[in-house]
Amino acid sequence: GAMPAARLLLAALLAAAPPAAAASSPDAAGHAEASSAGGNPMHTYDPDHPTEPFDDVAKMVTTMFSDETAVDRREDGWRGGFCSCIENGHISSWYQYASAMYLIDTCNPTAGLVLPSGH
């Protein structure tokens, strides 16, 4: 069956995310608390092992595009459909509803996905 672009992107996000256990530490009572100042349990900056979450996701999607075994599905042009879907999507926040193209530098079946990280 077809894997919708949203499911593929979610799979890439989950695969690229650092383990939650590494981002939290239990207190004396055994409750996990976020160890970053922002309280984000999914990502804690580690200066010894720097990573950019957008880069991790883009690399995972690019791997899914180039490695035929990474996504178990038929070859029906899904890579182009995925790019078309995210390029035509929108990013919503409390102050704006903007094109996803603000977050996408490149997306195509050959080059993969490139998301600018601002660095």
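Residues numbered from 1 in each chain as written. Predicted model: local features only at pLDDT ≥ 70, side-chain atom pairs only at ≥ 80, totals over all residues. Heavy atoms only, no water.

**Focus: the packing of aromatic side chains**
Aromatic ring pairs are defined here through the distance separating the ring centres and the angle between the ring planes. Scanning the entire structure with this criterion turns up two aromatic pairs. For the pair Phe-65 and Trp-78, a centre-to-centre distance of 5.7 Å together with 75° between the ring planes defines the contact as edge-to-face. On the criterion of sequence distance, the pair formed by Phe-65 in helix H3 (residues 53-66) and Trp-78 in helix H4 (residues 78-87) is long-range, its members being 13 residues apart. Like Trp-78, Phe-65 is buried. Relative to Phe-82, the ring of Phe-65 lies with its centre 5.7 Å away and its plane at 85°, an arrangement referred to as edge-to-face. Of the two residues, Phe-65 is situated in helix H3 and Phe-82 in helix H4; the sequence distance between them amounts to 17 residues. The class for Phe-65 is buried, based on a relative accessible area of 5%. (Phe/Tyr/Trp six-rings, centres within 6.5 Å; stacked < 30°, edge-to-face > 60°. Helix = DSSP H or I, 4+ residues; strand = E, 2+ residues; numbered from the N terminus. Buried < 20%, exposed > 50% of the residue type's maximum accessible area, 1.4 Å probe, protein only.)

**Let's talk about the confidence of the model for the protein chain**
Averaged over all residues, the pLDDT of the protein chain is 73; the fraction at 70 or higher stands at 62%. Between the elements of the protein chain, mean pLDDT differs from a low of 43, seen in helix H2 (residues 20-23), to a high of 93, seen in strand E5 (residues 106-108). Ignoring residues within four places in sequence, the model shows residues 20-27, a span with pLDDT below 50, making 17 contacts including any to other chains. Of the regions scoring below 50 in pLDDT, residues 30-37 engages in 18 contacts with residues more than four places distant in sequence or in other chains. (pLDDT = per-residue confidence, 0-100. Contact = heavy atoms within 4.5 Å.)

**Notes on H3**
Over its 14 residues, H3 runs 20 Å from end to end, which matches the ideal 20 Å to within 8%, given 1.5 Å per residue. Listed as buried for H3 are Val-57, Ala-58, Val-61, Met-64 and Phe-65. Seen end-on, H3 carries its buried residues on one side only, within an arc spanning 120°. In H3, those exposed residues whose orientation departs by more than 90 degrees from the buried face are Lys-59 and Ser-66. (Expected span 1.5 Å × (residues − 1). Arc of directions from axis to C-beta.)

**With respect to the side chain of Arg-73**
With respect to the element layout, Arg-73 can be found in the loop between H3 and H4. Classification of Arg-73 by relative accessible area gives buried; the value is 14%. Among the polar contacts listed, one links the side chain of Arg-73 to the side chain of Asp-76, at a separation of 2.6 Å. (Polar contact = N/O pair within 3.5 Å; in protein donor to acceptor, adjacent residues only side chain to side chain.)

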